[in-house]
Structure formats: structure tokens, C-alpha cells
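Per-entry structural report
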Amino acid sequence: MTAAAPVPAAPLDGWPAEGQPRAIAKRLLRRYGLALAGGAIVAAWLGVALLARHLAPYPSDAVDVVQRLAPPSRAHWLGTDALGRDVLSRVLVGSRVSLLAGFTVVLIGGLLGTLVGAVAGYAGGRIEELLMRVTDLVLCFPPIILAMAIAAALGIGVRNTIIAMLAVWWPKFARLGRSLVLVQRNQEYVEAARVVGLSPATILFRHIMPNALGPLVVLITLDMGNAIITFAGLSFLGLGVVPPTPEWGAMVAEGRELVEQWWVAAFPGVAILSVVMAFNFMGDGFRDWLDPRSRAQ
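Bear in mind the structure is a predicted one, so any value in this text is a computation, not a measurement. One numbering rule holds for all chains: residues counted from 1, following each sequence as written. At least 70 in pLDDT is required for a residue's local features to be given in this predicted model, at least 80 for side-chain atom pairs to be given and counted, and no such filter applies to totals for whole chains, interfaces and linings, which use all residues. Excluding hydrogens and water, the side-chain values take into account all heavy atoms of the structure.

A word on the overall build of the chain. Only DSSP runs of H or I covering at least 4 residues are called helices, and only runs of E covering at least 2 are called strands; the numbering of each starts at the N terminus. From N to C terminus, the chain includes 12 helices and 0 strands. Secondary structure elements of the chain occur, N-terminal to C-terminal, as α-α-α-α-α-α-α-α-α-α-α-α. We compute the radius of gyration over the C-alpha atoms and compare it with the globule rule, which gives 2.2 Å times the number of residues raised to the power 0.38. Here the chain has a C-alpha radius of gyration of 25 Å; the compact-globule value for 297 residues is 19 Å, and the former is much larger. Based on the C-alpha atoms only, the size of the chain along its principal axes is roughly 85 × 80 × 30 Å. Counting the 297 residues in the chain, one finds 39% classified as buried. By definition, residues are in contact when any of their heavy atoms lie within 4.5 Å. Here the contacts in the chain between residues at least 6 apart in sequence split such that 71% fall between residues at least 24 apart. Partly exposed describes any residue whose relative accessible area lies between the buried limit of under 20% and the exposed limit of over 50%, with all areas from a 1.4 Å probe on protein chains only and scaled to the type maximum.

And the structure:
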């Protein structure tokens, strides 16, 4: 009498069937592959910014007129500029200024703008009217033009340029923060918090804001690239760093007329492009991941 063939055990509830983890990994990679690639690029640039002084093969401000405008070679992988300075070293060291400016503007501007919008949305009445009219007043001006005017008035320098950008950067976050708070403030959990006697500040910052962070995270991530390219644009116009400080936008400006010596402007431009695209990929990935309808597909 032959023994019956063993019946394969059914997978336990909550555990994927055989082969399913690989399918899930492929689906996640297909959906969030660009976001992961963007995160890897951003992490790589952050590592470069932290270790730039050690990674740079030459001092970023070392002048060598004998090697001026030398093309890429073994001695200078990305060539040299009009003063004989190593382009690779300046791109690596310049990442510190560009990334620091982008993170500072977006994080501080996002914090201030979200605070203004959240207070306006929850308080309502005259407070909301006053704060939103100030926000609309700033939004009436093109941000880059207003930032240029403020930076020119304050003078050239990284700190002054960051201040000028902060002056025009917070209104978009104020608008978004207000709209998110307006959606949340009439929810049942907010009414319950009012009933138990919690203060308005506690309700706003400990209950409403944590439930409204998703869109803010997406906007912050997408806005990082915008801040970096805006800072580079101001530096390109001569309103950013003080020479000879290396910065990507200023380096592109130095090579804008050197058509035959393309490497002077091309490699800083590629650095800007890579960081901006990486943050955009990350922002798109966060947006898809935080959208329940997208995750359910």
C-alpha cells in the first residue's frame, strides 16, 4: 500500500506565499526605483559634502597659471579653470555651500511658513486674515526677482543670500499649512481634544500637525532642488558667494563665455542637474508612498 503524497502546508495568515517576496520586491523596485536612485544620489552628495576637504585632490583655491584652462587629464580629471584651479576639487568643495544653502532655506523657510499657516488656519478670524494678507503680499512679487532685490540690498555673501531667499520662501508653506489645518480642525479627534480641555496650542501641535505632515514632507523634498538651483542662479548673477569661494552657480558663470573650454561650466552644471533631479525623484516617491490609493494598486 503506497503512502499518500504529503500535502503542502498552507501559508500562515500574514505570511507571503513562496515566491511572493520576490514579486513584491520587483513591484516596489519598479514603482519606487527612481526614488531609491534619487535617495542614493542625495546620500552620495551629502557624503561628498562632509568629506570634501579630504576627497579633493587639490586645494580648491590653489592657482596655477601654467595649467590654466587645461582639459581633463590624469593630473586634473575635470580640467582646470581660467586661473588654473582644479575643477574637480572646486566641484567637490562647492557642494558644501550649495547643499547647505538648499537645506537651510527649505527647512527654516518650511518651519516658519508652516507655523504661520497652521496658526492662521486654526485661529481663524482676524488673525487668519492678517497672516494670510501678509502672505499674499509676498506672493505678489516673483520670488526670484524679490530675492535678487533683497540680496543686492544686503550685499554679496552666503548668509545674505540665504536671508534673501528665506524672505520669499515661506509663503508657499504657509498656504499649504493653512489648508491642511483647515481640513483637520473639524475632525472628531479635534473635537474630542477640545472636550477634554486641551489647550489650542496642544491640539494644534500635538494632534493636528502630526496628521498633516505627509504633504509637507513631499513639498520639502521637492523644494530642496528648487532652492539649490535658485541659490545657484543668484550666484550665477553675482549675488551669492564671495570669490574665490567655490559654488556651483558661480562656477557656471565663470565658464559661460569659455565655449571651447566646455569643462569649466559643464561639470558644475552636471552637479546641479544631478542633485535637483535626485530630489525630484525622491519627492515623487514620497508622494506615491504617502498616497493610500497609490499603495493599494
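What follows concerns the side chain of Ser60. Here Ser60 shows up in the loop between α2 (52–55) and α3 (87–123). Once residues within four sequence positions are removed from consideration, Ser60 is found in contact with Arg53, Arg85, Ser89, Arg90, Val93 and Pro246.

Let us now look at the environment of Leu46. Inspection of the secondary structure puts Leu46 in helix α1 (residues 20–50). Leu46 gets classed as partly exposed once you look at its relative accessible area, which sits at 35%. Measuring from C-alpha to C-alpha, the distance between Leu46 and Trp77 comes to 21 Å, with 31 residues separating the pair along the chain. Not counting residues up to four positions away in its chain, the partners in contact with Leu46 are Leu99 and Phe103.

Moving on: unusual backbone geometry. Going from Pro243 to Pro244, the amide bond is cis rather than trans, its omega being 5 degrees. Counting through the fold element by element, Pro244 comes out in the loop between α9 (213–236) and α10 (248–254). In the Ramachandran plot, Leu69 falls in the positive-phi region, its phi being about 55 degrees despite a non-glycine side chain. You can see Leu69 is positioned in the loop between α2 and α3.

Turning our attention to helix α8 (residues 200–208). Of all the residues in α8, the buried ones are Ile203, Leu204 and Ile208. For α8, the buried positions fall inside an angular range of 95 degrees around the axis, keeping them on one side. The directions considered for the arc run from the helix axis to the C-beta atoms.

Every α-helix carries 3.6 residues per turn, so stepping three or four residues along brings you back to the same face. Compared with an ideal rise of 1.5 Å per residue, which puts 37 residues at 54 Å, α3 spans 53 Å between its outermost C-alpha atoms and is within 8% of the ideal. Throughout, the bend at a residue refers to the angle made by two axes, fitted to the seven residues ending there and to the seven starting there. Of all bends in α3, the biggest is about 30 degrees, found at Gly94. For the purposes of these results, a polar contact is taken to be a pair of N or O atoms within 3.5 Å, where, inside protein, one atom must be able to donate a hydrogen and its partner to accept one; residues adjacent in sequence count only when each atom of the pair is a side-chain atom. N-cap assignment for α3: the residue whose side-chain oxygen lies 3.5 Å from the backbone N of Leu88 is Asp86. Once α3 ends, the next one or two residues include Gly124, with phi positive near 70 degrees. For a helix, the expected span equals 1.5 Å multiplied by the residue count minus one.

No statement about biological role is implied by the geometric values presented.
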